[in-house]
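Geometric and topological summary
These are the residues of each chain, in order.
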Amino acid sequence: MIPFTFDYYRPDTITEAVRAYKELEGAGRFPIYYSGGSEIISMARVNNIHTKAVIDLKAIPECTVFENNANELVMGSAVTLSAISEANYYPLLTKACGRIADHTMQCKITLGGNICGTIRYKEALLPLLLSDASVIIASGNKLATIPIHEIYNHRLNLKKGDFIVQFIIKNKYLSLPYFHIKKTKNEKIDYPALTLAAILDEGRVRLAFSGLCAFPFQSPKIDTAWNQEGLAADAKIHEMINHLPGPVLNDVYGSDTYRLFVLKTTLLNLEKELEKMPCSN
Amino acid sequence: MFKLEGKNVITLTVNGEKRDVAIEPADILLTVLRDQLGLTGAKPGCLNGDCGACTVLIDGWPVKSCLMLAAEAMGHQITTIEGLKNAPIQKAFVENWGFQCGYCTSGFLMVCHSLAAIHPDADEYVMEEWLQSNICRCTSYEEIRHAIRSIITSA
Ligand code: FES
Ligand code: FES
């Protein structure tokens, strides 16, 4: 079914994985890191990607760790979306994971895979952006801890051979009031015309979007526009649209006009929902 | 580090038995189950993760075997429809007319079986979430809903 063959490597440690990548790269094998793997298989099936070696990260203990300790939630990059939903440590992330593909696929897709894959929507990223997650990266011989807004700024800034080991979220974010909605053109299970996630943190709303531009984003300017006091919702929305970080997507999943219409109506709904939230201003 | 370079024999645990298979690392689990082990209950449909006809259980959780490498399944418990022996959901499908042509049925049965084991008290919302992973071209949806409801304690 995959129209070419490749070799399969399953390292037990981060060091082995990094070394395998380096050696395979040097040998001209075009290695790719493999986590859930569903996107890699479906892309390979239609010859959209090519590799001679996959490095499966799922046997590396640090990549499968999943614990909520006194201070923070630690999620390995190879933790599946369904494991995240079942544990429900971070309800906003549970919501986001529950709307990616379908439930059976969520048992295979991993958090790292959703964020590092080539499919542009990366909807699991929104709660991580809103909670200012830290990201542990395996880079060369060492591990680096990097704020998510540095490693992801409209695109993932991972160097060749690096991979994400863990995401870490401070506990204070896990229980903040939140809003999450995914709008699709027709079917419930589809790519988004718009996914909007929001949290209410000390009376201030933070927003993150997928399906609106060619990349998911969270924007301080848009948050500031939304949080202005004494401005009607229509005027705030108008100002937010002026701050969009790129052109609005215009494709088979929704024209640009349709996506903007969905954005406006969703933000008006958000306004109503916020009135019902605890500690809302 | 486990390595699979070129064609090799590996051992899979399928329906509780150790089975040797000769695979290329790029072989998907679905074709290995069907072509090498003769376990043809998991069906090829879309081969793209959309239809659910190929669903099997990996350590008790439903997975679409068209989007899993056979190599990945090493060290895990694989359950196919052939491994269900008079499970309550099989009887419930018969009693509720949960199929017509039957092509999607093994996939639906595996999802329902897993759901009943993991969430025996699932509510309507959870049942719908899980079952949306599968497509029935004959549209037996209502009957399938009755079948799963009949074995879920809270329904
Ligand atoms: S054949 Fe696997 S999901 Fe359709
Ligand atoms: S019974 Fe025919 S496809 Fe479902």
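Let us look at the structure shown here. Only a predicted model underlies this, so the values are computations on that prediction, with no experimental measurement involved. (Residues numbered from 1 in each chain as written. Chains lettered and ligands numbered in written order. Predicted model: local features only at pLDDT ≥ 70, side-chain atom pairs only at ≥ 80, totals over all residues. Heavy atoms only, no water.)

In this section: the packing of helix α3 (residues 105-118) of chain B against helix α4 (residues 124-131) of chain B. All names here are of chain B. It is at 10 Å that the axes of α3 and α4 come closest, and there the two elements cross at 145 degrees. Relative to α4, the crossing made by α3 is right-handed. Contact residues: α3 offers Phe108, Val111, Cys112, Ser114, Leu115 and Ile118, while α4 offers Val126, Met127, Trp130 and Leu131. A breakdown of the residues in the contact of α3 with α4 according to their chemical character gives nine nonpolar, one polar and no charged. (Axes fitted to C-alpha atoms, helices over the stretch in contact; angles between N-to-C directions. Helix = DSSP H or I, 4+ residues; strand = E, 2+ residues; numbered from the N terminus. Left-handed = near helix turned anticlockwise from the far one by under 90°. Contact = heavy atoms within 4.5 Å. Nonpolar A, V, L, I, M, F, W, Y, C, P; charged D, E, K, R; others polar.)

Residues and elements named next belong to chain B. An order of β3-β2-β6-β4-β5 is seen for the five strands of this open sheet, with the pairing classed as mixed. At either end of the open sheet lies a strand with only one pairing partner, and these are β3 (17-23) and β5 (61-64). Here the strands of the sheet are splayed against their neighbours by 45 degrees on average, with no regard to which way each runs. The strands that helix α1 (residues 29-36) touches are β2 (8-14), β3, β4 (55-58) and β6 (77-79); relative to β3, the one it contacts most, it runs at about 105 degrees. (Pairing = 2+ DSSP bridges.)

What follows concerns the nonpolar core. Leu207 and Phe209 of chain A together with Leu12 and Leu29 of chain B are the most contacted members of the largest nonpolar core, which totals 99 residues. In terms of residue count, the dominant contributor to this core is strand β10 (residues 194-201) of chain A (six residues). With residues up to four places along the chain from it excluded, the contact list for leucine 29 of chain B reads Leu12, Val56, Ile58, Ser65, Met68, Leu69, Ala70, Ala73 and Ile78 of chain B. Counting residues in hydrophobic clusters, the runner-up holds 24 residues, among them Phe108, Ala122, Cys136 and Ala147 of chain B. (Core = buried A, V, L, I, M, F, W, Y, C linked by side-chain atoms within 4.5 Å. Buried < 20%, exposed > 50% of the residue type's maximum accessible area, 1.4 Å probe, protein only.)

On to the packing of helix α2 (residues 88-95) of chain B against helix α5 (residues 141-151) of chain B, then. The angle between the axes and the distance between the axes are what describe a pair of packed helices. All names here are of chain B. Running from amino to carboxyl end, α2 crosses α5 at an angle of 135 degrees, the nearest separation of the two axes being 8 Å. In terms of orientation, α2 and α5 fall into the oblique class. Where α2 crosses over α5, the two elements pack in a sense that is right-handed. For the pair α2 and α5, the contacting residues are Pro88, Ile89, Ala92 and Phe93 in the first and Ile144, Ala147, Ile148, Ser150 and Ile151 in the second. (Parallel < 35°, antiparallel > 145°, perpendicular 65-115°, else oblique.)

This brings us to the interface of chain B and chain A. Each partner contributes residues to the interface: chain B has 33 residues there, and chain A has 33 residues. Carbon and sulfur atoms make up 59% of the surface buried where chain B meets chain A, a total of about 2800 Å² over both sides. Applying the counting criterion to the chain B and chain A interface returns four salt bridges. Of the charged contacts, one joins glutamate 72 of chain B and lysine 108 of chain A as a salt bridge, the two residues approaching to 2.8 Å between their closest N and O atoms. Applying the counting criterion to the chain B and chain A interface returns 19 residue pairs in polar contact (both at pLDDT 80 or more). Taken together, the elements giving at least two residues each to the side of chain B that touches chain A come down to β1 (2-4), β5 and α4 of chain B. It is β5 of chain B that contributes the most residues to the side of chain B that touches chain A, four residues altogether. Here the side of chain B that touches chain A is composed, by residue class, of 19 nonpolar, eight polar and six charged. (Buried area = accessible area lost by both parts, 1.4 Å probe. Salt bridge = Lys/Arg side-chain N within 4 Å of Asp/Glu carboxyl O. Polar contact = N/O pair within 3.5 Å; in protein donor to acceptor, adjacent residues only side chain to side chain.)

This next bit is on the sheet that holds strand β7 (residues 142-147) of chain A. Residue and element names in this part refer to chain A. Strand order in the open sheet made by the five strands is β4-β5-β8-β6-β7, with antiparallel pairing throughout. Among the strands making up the open sheet, the edge pair consists of β4 (66-68) and β7. In this sheet, neighbouring strand axes are inclined to one another by 20 degrees on average, regardless of whether the strands run parallel or antiparallel. The pairing of strand β5 (residues 72-76) with strand β8 (residues 163-170) spans five bridges and is classified as antiparallel. Paired with methionine 75 across the strands is phenylalanine 167, a residue of β8. Along the sheet face, helix α1 (residues 14-26) touches β6 (134-139), β7 and β8 and points at about 140 degrees away from the line of β8.

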